[in-house]
Each structure stands twice: as structure tokens, then as C-alpha cells.
Amino acid sequence: MEYADLFCKDLIEIEAEYSSQQEMFETICNNLFENGFVAETFKNAIIKREEEYPTGISTGMMSIAIPHTDVMHVHKPFIYVVKLKKTLPFVQMGTTDEWVEVENIFMLGIKVPSEQIGLLSLMMNKLQDEQFNNGYKMISSQKEMEKYLKNNFRSEGK
Amino acid sequence: MKKVIVACGSGVATSQTVASKVKKILEDNDIKANVEAIDIKSLEQHIKTSDIYVSITKATKDYDIPTLNGIAFLTGMGIEEETKKLIDVLK
């Protein structure tokens, strides 16, 4: 599986502004559903999963959330990227009451877990890489971001 | 052989990622152990036969075996400390 293929400019939002997690999940999940990536059940499943097992992470260089849910709600694998204009609070992974102000969302649409084992490690490595971070932070258009992510995630997954 | 279990909510993404990281650390240190990513629902059964539990969700109770912070292996923050504990128990 080629990880670069998981990124697509229609699934990238730059300088997006949301007033709550709920509003963001609604918008993203409707978009994914309309484009055939997920089942209608995906939205509720991902919201519930985030409540039970939160996914906020801070790597020291970047704070992100990686919402994901069971494979049965996913039709086509994807990574949905949101670069937020204003941070959104997410509960930190592994806690129930510690919050992290998240600047970026990487929603993972995982269809075959065994093919995507390396994906999250690669993503975490990139997020701790200063050069990747500097480039990422400069990007201001969806097209540019698509190209940047595809280049950075190419040929790593087999 | 000693056994390490890694559990997350789904078994889809995080526990598999952390398990592969733990495996790599053990290989680099020439330590042989079984590392298994499991579903949190089956934690109680697995814990009885395991030597270390790497936790990604908030622990709701204390277990009799050493428990490590799995998030450290994911994000790299605090990884040296957790790696040391891991090696101390297994070597």
C-alpha cells in the first residue's frame, strides 16, 4: 500500500475555523460520506470513539489529534488533514481529563489495519522532524499541502 | 519467553504502532520477547500470562505486572525512561 495515495486535496482543509469538536466532526464526516469514503455510521462511531478513547497528542513540536474508528465504517482508506486557524481542545490520549490544544487534525480512515501498521509510526516520525514541521507550517493552499504530504509519505509503505 | 502486551481501544492503529516500536527497541537491545497488540476488552485474560503491560488508555485499576506508558513510545516524549523500565524487566 502506498501511503502517499491516502492524501487528496479534497480531503485537506487549510486555515479552517471551527468553534467545537462537534462542528468539525459534522463537517468532515459529511464531506467524507458525500464523497464515498465512509458509511453513514462513520460519524457517530468516530465521535463515540473519541469520547471513550481520546486521541489528542502533543509531540513537543506539534499538537495533533488522530481520530479513527473501526474498519467496518470505512469504504476507502484515507487521511483527512485539517490545519486549524484556531486551536481546538482535545482530551489527551491515555487520559480522561487532560486537555491539549490541537493545531492539526489527521483523521485516519483505516480499512486494512495490517497494511497500515507503518503509517502511524511514519506519521509520528514526521511530526517530530523539524524539517518536516517547518515546511508544513509554511503551507497555505490545499494543492501545495497535497503535494507536500504525498512527497513526504511516498514509497515508505509496502 | 517473556510476553509484553500493548492494548488500545480499537486495536486498529495505536496499539499496533506501539507494539512494532517496542519490538524494534527489543531487537536493537538483543532482547527476545513476545510482543502482542491486543484489544482492551481481552486485557484481563492476557494480563495473567504477561510480564509487562504497555498501556495506551487510562488505567482504571492497578495490575500485578509492571505497566508502562505507551504514549511515550508513540510520541517519543519520555521514551528513554519507559525504554529503561522495559529493558530492566525483560533482560
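One structure accompanies this document, and this report is about it. Predicted model, so just to flag it, every value in this text is computed and none were measured.

1. A few points about the state of the cysteines
All names here are of chain A. For the structure shown, the criterion picks out zero disulfides over all chains. Cys29 takes part in no disulfide bond, and the closest cysteine sulfur, belonging to Cys8, lies 16 Å away. Residue Cys29 is classed as buried on the basis of its relative accessible area, which comes to 3%.

2. Quick word on the interface of chain B and chain A
In this complex, chain B contributes 17 residues to the contact, which on the side of chain A involves 21 residues. Taken together, both faces of the contact between chain B and chain A bury some 1,600 Å²; the carbon and sulfur share is 66%. Connecting chain B to chain A are zero salt bridges. Put simply, chain B and chain A have two residue pairs in polar contact (both at pLDDT 80 or more) between them. Elements represented by at least two residues in the side of chain B that touches chain A include exactly α1 (14-28) and α3 (70-75) of chain B. Tallying contributions element by element places α1(B) first for the side of chain B that touches chain A, with four residues.

3. What to know about the side chain of His73(A)
Residues and elements named next belong to chain A. Its place among the elements puts His73 in the loop between β3 (63-65) and β4 (78-91). For His73, a relative accessible area of 10% corresponds to the buried category. If we ignore the near neighbours within four places in the chain, the residues touching His73 are Val38, Ala39, Thr41, Phe42 and Ala45.

4. A look at the pattern of salt bridges
All chains considered together, the criterion is met by nine salt bridges over all chains. As a salt-bridge pair, Lys43(A) and Glu26(A) come within 3.2 Å of each other at their nearest N and O atoms. Of the two residues, Lys43(A) sits in helix α2 (residues 42-52) while Glu26(A) sits in helix α1 (residues 21-34), which places them 17 residues apart along the sequence. The residue Asp39(B) makes a salt bridge to Lys41(B) at a minimum N-O spacing of 3.5 Å. A relative accessible area of 68% places Lys41(B) in the exposed class.

5. Remarks on the environment of Glu27(B)
For Glu27(B), the location among the structural elements is in helix α1. The spatial distance from the C-alpha of Glu27(B) to the C-alpha of Pro66(B) is 20 Å, given a sequence separation of 39 residues.

Each value, and the rule that gives it
Each chain carries its own residue numbering, running from 1 in the written order of its sequence. Here chains are named by letter from A upward and ligands by number from 1 upward, in the order in which they appear as written. Residue-level local features of this predicted model are given only where pLDDT is at least 70; pairs of side-chain atoms are given and counted only at 80 or more, and the full residue set underlies all totals for whole chains, interfaces and linings. The side-chain values count all of the structure's non-hydrogen atoms but skip hydrogen atoms and water molecules. Note that a disulfide, as used here, is simply two cysteine sulfur atoms within 2.5 Å. Exposure classes here rest on a 1.4 Å probe applied to the protein chains alone. A residue is buried below 20% of its type maximum, exposed above 50%, and partly exposed in between. Should any heavy atoms of two residues lie within 4.5 Å, those residues are considered in contact. Accessible-area loss on putting two parts together, using a 1.4 Å probe and summing over both, is the definition of buried area adopted here. We define a salt bridge as a side-chain nitrogen of Lys or Arg found within 4 Å of a carboxyl oxygen belonging to Asp or Glu. A 3.5 Å cut-off defines polar contacts: any pair of N or O atoms within that distance qualifies, except that in protein one atom must be a possible hydrogen donor and the other a possible acceptor, and neighbouring residues in sequence count only when both atoms are side-chain atoms. The numbering of helices and of strands both runs from the N terminus, where a helix is a DSSP run of H or I of at least 4 residues and a strand a run of E of at least 2.

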